[in-house]
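Each chain, written out:
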Amino acid sequence: MNILMNILWFICCGLWQGILWAVAGVLWCITIVGIPVGVQCFKFAGLAFFPFGKRVIYGGGTGSFLLNIIWILLSGWVLAAGAIVNGVTLCITIIGIPFGLQCFKFAKLAFMPFGSRIVPNNTVGPYPDL
């Protein structure tokens, strides 16, 4: 079922959201200082293309918090606004609700990308690598 949902997601809105994350990553990587931010954007662009069957675990410390504040001011609010508009539009229809919920997941991720990890859904517990 995840494969079917990922294919439908990619066709409907995953392509556009993935491209937005990739463009943000390229823009951040233009500067030498922004390369770690760009790498994080590329990681989440891959998630934006095929999100079903994966989940995001939020965490991090003070460094992640400070990077998230800078990220929100420079890039995060644009990606979050796009995901929210897309999610609301998809949730208008009954069929689009699962896709709309995925969009809201990306809106939250656009506000807190640092300190976040992507893990498969079948992973048990909040810290699967321990």
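Refer to the structure printed above.
So, a few notes on the structure that sits alongside this text.

What counts and what doesn't
Residues numbered from 1 in each chain as written. Predicted model: local features only at pLDDT ≥ 70, side-chain atom pairs only at ≥ 80, totals over all residues. Heavy atoms only, no water. Helix = DSSP H or I, 4+ residues; strand = E, 2+ residues; numbered from the N terminus. Rg over C-alpha atoms; globule rule 2.2 N^0.38 Å. Buried < 20%, exposed > 50% of the residue type's maximum accessible area, 1.4 Å probe, protein only. Contact = heavy atoms within 4.5 Å. Areas by Shrake-Rupley, 256 points an atom, 1.4 Å probe, with all protein chains shown as cover. Expected span 1.5 Å × (residues − 1). Patch = residues over 30% accessible without salt bridge, like charges linked within 9 Å, V, L, I, M, F, W, Y side chains within 5 Å. Salt bridge = Lys/Arg side-chain N within 4 Å of Asp/Glu carboxyl O. Axes fitted to C-alpha atoms, helices over the stretch in contact; angles between N-to-C directions. Parallel < 35°, antiparallel > 145°, perpendicular 65-115°, else oblique. Nonpolar A, V, L, I, M, F, W, Y, C, P; charged D, E, K, R; others polar. Phe/Tyr/Trp six-rings, centres within 6.5 Å; stacked < 30°, edge-to-face > 60°. Core = buried A, V, L, I, M, F, W, Y, C linked by side-chain atoms within 4.5 Å.

### Concerning the overall build of the chain
Line of reasoning, step 1. Looking only at helices and strands, the chain features four helices and two strands.
Line of reasoning, step 2. When the helices and strands of the chain are read in sequence order from the N terminus, they spell out α-α-β-α-α-β.
Line of reasoning, step 3. Over its C-alpha atoms the chain spans a radius of gyration of 15 Å, differing by no more than 12% from the 14 Å that the globule rule assigns to 130 residues.
Line of reasoning, step 4. Judged by the C-alpha coordinates and their principal axes, the chain covers about 40 × 35 × 20 Å.
Line of reasoning, step 5. Sorting the 130 residues of the chain into buried and exposed places 38% on the buried side.
Line of reasoning, step 6. When contacts within the chain are restricted to residue pairs at least 6 apart in sequence, long-range pairs at least 24 apart make up 73% of them.
Line of reasoning, step 7. Taken as a whole, the chain presents about 7,400 Å² of accessible surface, with 79% of it coming from carbon and sulfur.

### Digging into helix α4 (residues 97–111)
Line of reasoning, step 1. Counted at 1.5 Å a residue, the expected span for α4 with its 15 residues is 21 Å, and the 22 Å between its end C-alpha atoms agrees.
Line of reasoning, step 2. For α4, the complete set of buried residues consists of Phe-99, Gly-100, Gln-102, Cys-103, Lys-105, Phe-106, Ala-107, Leu-109 and Ala-110.
Line of reasoning, step 3. Looking at the packing, one finds that the buried side of α4 touches α1 (2–29), α2 (35–49), β1 (54–57) and α3 (62–91).

### Let's talk about the side chain of Gln-102
Line of reasoning, step 1. As for its placement among the helices and strands, Gln-102 is situated in helix α4.
Line of reasoning, step 2. Looking at Gln-102, the relative accessible area reads 12%, which means it is buried.
Line of reasoning, step 3. Look past the residues within four positions of Gln-102 in its chain and what remains in contact with it is Trp-9, Pro-51 and Phe-52.

### Let's talk about a nonpolar patch on the surface
Line of reasoning, step 1. A surface patch of nonpolar side chains, about 700 Å² in accessible area, is lined by Trp-16, Ile-19, Val-23, Val-26, Leu-27, Ile-30 and Phe-42.
Line of reasoning, step 2. As for its position among the elements, Val-23 is in helix α1.
Line of reasoning, step 3. When its relative accessible area of 43% is taken as the criterion, Val-23 is described as partly exposed.

### Considerations on the packing of α1 against α2
Line of reasoning, step 1. Where α1 contacts α2, the axes come no closer than 7 Å and their chain directions differ by 175°. With respect to their mutual orientation, α1 and α2 come out roughly antiparallel.
Line of reasoning, step 2. For the contact of α1 with α2, the per-class residue count stands at 19 nonpolar, six polar and no charged.

### Topic: the side chain of Asn-68
Line of reasoning, step 1. Inspection of the secondary structure puts Asn-68 in helix α3.
Line of reasoning, step 2. A residue is classified by how much of its surface remains accessible, and Asn-68, at 9% relative accessible area, is buried.
Line of reasoning, step 3. Apart from the residues lying within four places of it in its own chain, the contact partners of Asn-68 are Phe-111, Met-112, Pro-113 and Phe-114.

### As for the packing of aromatic side chains
Line of reasoning, step 1. Enumeration according to the criterion identifies 10 aromatic pairs in this entry.
Line of reasoning, step 2. Where Trp-21 meets Trp-71, the ring centres are 5.9 Å apart and the plane angle is 15°; that geometry is what we call stacked. Placement of Trp-21 in helix α1 and of Trp-71 in helix α3 is noted, with a sequence separation of 50 residues between them. Here Trp-21 and Trp-71 have matching classes, each one buried.
Line of reasoning, step 3. Ring geometry for Trp-71 versus Phe-114: centroids 6.3 Å apart, planes at 85°, classification edge-to-face.

### Some remarks on the nonpolar core
Line of reasoning, step 1. Ranked by size, the top nonpolar core spans 26 residues in total, and within it Trp-9, Trp-21, Trp-71 and Phe-106 carry the most contacts.
Line of reasoning, step 2. The set of elements that each furnish at least two residues to this core consists of α1, α2, α3 and α4.
Line of reasoning, step 3. Leaving out residues up to four positions away in the same chain, Phe-106 has contacts with Trp-9, Gln-17, Trp-21, Phe-44, Leu-47, Ala-48, Pro-51 and Ala-83.

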